[in-house]
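Here is what each chain is made of, one letter per residue.
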Amino acid sequence: MRRTIVMGALLAIGAAGLTAAGVLQQEERRVAVQSMGVAENLYLVSGGGGHTALLITQNNGVVLVDTKNPGWGASILQTVQALTEEPVTTIINTHAHGDHVGSNPDFQDVVRVVAHENARESMTGSEVFAGGNERFLPNETYRDRLTLFEGLDAIDLYHFGPGHTNGDTIVVFRALEVAHTGDLFARKALPFIDRSNGGSGVSYPDTLARAVDGIEGVSRVIPGHAPPPPGSPVRGWMTWDDVREYAAFMQDLLDDVRASFEAGRSVDEAAAGLDLQGKYPDYSLDRAERAVQAIYDELGQ
Ligand SMILES: [Zn+2]
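Below, the structure is looked at part by part. Nothing here was measured: the structure is a model prediction, and the numbers come from that model.

### Observations regarding the overall build of the chain
Helices and strands together make up the secondary structure of the chain, namely 7 helices and 13 strands. Over its C-alpha trace the chain gives a radius of gyration of 19 Å, about what one expects of a compact globule, namely 19 Å for 301 residues. The C-alpha extent of the chain, read off along each of the three principal axes, is 60 × 50 × 35 Å. Contacts in the chain between residues at least 24 apart in sequence constitute 63% of all its contacts with a sequence separation of at least 6.

And the structure:
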């Protein structure tokens, strides 16, 4: 049964917790829910970490893509319950980072947790899944491609190689022509290249190019973090063309950084000299040293 809520309204959730000093503190964790504007069963839940996609399937309950930072499960669940009486059956984690998997343990009854095999390996032993929380690790993994469910419910998971991490998944809601790209495309900005979890700035452009070539039929995109425009349904937001542009941006970044590396420039010089803003005026080049350093480290190996 579908419930009616005022879309775009902020759902406020008060969560009580004990501070380190043992003081009961009231904390408010707010998420915003917006229809993606393609059907009445796909929603963007923002706030508290990476974007969560919420799909109410026809025959398979509620599917969540990513669960935000630790402690945000109640907010997500309250959002689900405002929309439907269907249970959350399935969680897909786009990658291993805590701001995307942190509230997996809040979903006690979920039977299926799916991620790339490398992402599961990175999650294993992390704080989120320690101390009895191992059972909330992904219990289903894949290597290149996996399809969940059939017909209108079909969800395709794709992995094209290292980028943000070595376990990045692009999730495609096939019938709706919408993709959740995780942090492989988080926002129009320099990426965080997590080399400690197998990320690669050298492979990143090729990985994105393979995604652009290998995925068909996607029109709209939920990026990992970029703030959505106000209002619901979400309109005029990211499209597959933005992913295509991001692939070009990453190639230009790598070419630029490689040229500096080969010319013997320092990381600071290379970062200061990045010549990308003219071609990509709406991109943020903040934290350029971090991205350049990651690529330098890899080129120097
Ligand atoms: Zn991430």
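Once you've had a look at it, read on.
### Observations concerning unusual backbone geometry
Residues Ser232 and Pro233 are joined by a peptide bond in cis, for which omega reads 0 degrees. With respect to the helices and strands, Pro233 occurs in the loop between β13 (220-222) and α5 (240-262). Phi angles above zero are rare outside glycine, and Glu177 is one such case at about 60 degrees. Structurally, the position occupied by Glu177 is in the loop between β11 (170-173) and β12 (178-180). Given 16 C-beta atoms within 10 Å, Glu177 falls into the partly exposed group. The phi angle at Arg287 is positive, at roughly 60 degrees, despite the residue not being glycine. With respect to the element layout, Arg287 can be found in the loop between α6 (267-272) and α7 (288-299). Given 14 C-beta atoms within 10 Å, Arg287 falls into the partly exposed group.

### Describing helix α1 (residues 73-83)
Buried within α1 we find Gly73, Ser75, Ile76, Thr79, Val80 and Leu83. For α1, the arc enclosing every buried residue in end-on projection is 170 degrees, short of the 170-degree limit, so these residues lie on one face.

### Examining the environment of Ala32
You can see Ala32 is positioned in strand β2 (residues 24-35). C-alpha separation for the pair Ala32 and Tyr296, spaced 264 residues apart in sequence, amounts to 39 Å.

### Description of the packing of α5 against α7
Two packed helices can be described by the angle between their axes and the distance between those axes. Close contact between α5 and α7 brings their axes to 10 Å; oriented N to C, the two are set at 60 degrees. Viewed along their axes, α5 and α7 adopt a mutual orientation that is oblique. Considering only the axes of α5 and α7, their crossing is right-handed. On the side of α5, the interface is formed by Leu254, Val257, Arg258 and Phe261, while α7 contributes Val292, Ile295, Tyr296 and Leu299. Of the residues assigned to the contact of α5 with α7, the class counts are 7 nonpolar, no polar and 1 charged.

Cut-off values and rules
- Residues numbered from 1 in each chain as written.
- Predicted model: local features only at pLDDT ≥ 70, side-chain atom pairs only at ≥ 80, totals over all residues.
- Helix = DSSP H or I, 4+ residues; strand = E, 2+ residues; numbered from the N terminus.
- Rg over C-alpha atoms; globule rule 2.2 N^0.38 Å.
- Contact = placed C-beta atoms within 7 Å.
- Buried ≥ 20, exposed ≤ 12 C-beta atoms within 10 Å, placed from the backbone.
- Arc of directions from axis to C-beta.
- Axes fitted to C-alpha atoms, helices over the stretch in contact; angles between N-to-C directions.
- Parallel < 35°, antiparallel > 145°, perpendicular 65-115°, else oblique.
- Left-handed = near helix turned anticlockwise from the far one by under 90°.
- Nonpolar A, V, L, I, M, F, W, Y, C, P; charged D, E, K, R; others polar.

The values reported here are purely geometric and, on their own, carry no functional implication.
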